[in-house]
Amino acid sequence: MTFPDWTREPLVHFLAAGAVLFAGLTLFGGDAVDPADRTISVGPAQQARIASQFEKTMGRPPTDAELDAGIESYVRDEVLYREALRLGLDQDDAVVRRRLVAKMDLAATAAVEAAEPDDATLQAFLDANADRYSAAILATFDQRYFTDEGAARAALASGNDPAGEAISLPASMEEASRSEIEVRFGRNFAIALERLEPDNQWQGPVPSGFGWHVVRLRSLNSAPADFEALRERLSNDWRSQQIADRKAQAFDILREAYRVEIDR
């Protein structure tokens with residue numbers, strides 16, 4: 001039998017498991033492990049998991065003695081776990097609560113952690129988030145300096161080409177990056193400059209660490225993002241967004257199974 005592609009989605013598996021868990025709790029109540037049960041079964045499947053965990057850790061299969069030790073360790077953990085449940089030590093425990101919440105989130109997103117998006121996926125992600133990955137702003141502008149804001153405003157209001165005051169700053173910059181502008185004029189000037197609209201008219205006043213400036217912003221462009229240089233960052237950011245989306249989708253569906261009553 002051939003199943004539709006959507007049935008192979010990890011999120012579908014997570015939600016199916018959540019539905020089974022919810023149904024089980026609804027029908028039978030209690031935890032998956034009954035703390036009153038005094039029988040601990042260590043069957044072939046559990047022994048295989050213990051041996052597999054040992055091999056992942058040590059890089060080789062366990063000897064018979066090592067497997068026996070692993071089984072004994074499992075039994076010890078199970079005994080203490082059930083006794084903790086019987087005593088209610090899991091109730092109202094913020095640490096246990098956070099760990100269980102984290103495990104549920106992990107169950108919804110585990111498959112995404114190791115996902116490797118192809119170039120088409122990354123390019124689409126880049127296109128959808130172009131503002132986050134644009135290269136340095138390139139600005140072409142003229143500026144005139146004034147020590148006093150009022151003098152700068154008066155120069156603008158006059159309608160004449162402002163003369164400005166003498167200062168050892170460039171009167172013009174061509175295709176200057178934000179870092180270059182910050183070095184010459186300071187961060188506040190660079191930020192304010194990027195908020196202006198390119199225009200052949202003088203604008204401002206724009207503050208800097210030196211005083212005030214009137215500015216004629218002739219052009220303001222973003223250099224195109226370099227896909228190859230951004231590949232690793234794009235992959236990580238895409239994965240982070242997928243994880244956040246999966247968590248939200250899984251929670252929204254599971255949330256529908258609950259009625260929330262808030263007594264205010």
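This report concerns the structure included in the present document. (Residues numbered from 1 in each chain as written. Predicted model: local features only at pLDDT ≥ 70, side-chain atom pairs only at ≥ 80, totals over all residues. Heavy atoms only, no water.)

## Here we look at the pattern of salt bridges
Pairs may arise between side chains of opposite charge once their charged atoms sit close together.
So, point 1. All told, the structure shown has 14 salt bridges when counted by the stated rule.
So, point 2. In this structure, Asp119 engages Arg231 in a salt bridge whose closest nitrogen and oxygen atoms are separated by 2.4 Å. Of this pair, Asp119 sits in helix H5 (residues 119–128) while Arg231 sits in helix H10 (residues 227–255), and the two are 112 residues apart along the sequence.
So, point 3. By relative accessible area, Asp119 is classed as partly exposed at 40%.
So, point 4. Here Arg231 falls in the partly exposed class, since its relative accessible area comes to 27%.
So, point 5. Note that Arg218 is salt-bridged to Glu174, the shortest N-O span being 2.8 Å. Placement of the pair is Arg218 in strand S4 (residues 212–222) and Glu174 in strand S2 (residues 172–177), with a sequence separation of 44 residues.
So, point 6. A relative accessible area of 53% means that Glu174 is categorised as exposed. (Salt bridge = Lys/Arg side-chain N within 4 Å of Asp/Glu carboxyl O. Helix = DSSP H or I, 4+ residues; strand = E, 2+ residues; numbered from the N terminus. Buried < 20%, exposed > 50% of the residue type's maximum accessible area, 1.4 Å probe, protein only.)

## As for the pairing of strand S3 (residues 203–207)
So, point 1. Inspection of the sheet shows S3 paired to S4 by 3 bridges, in the antiparallel sense. Bridging from a neighbouring strand, Pro207 pairs with Trp212 of S4. (Pairing = 2+ DSSP bridges.)

Any functional reading would require information beyond the geometric quantities listed.
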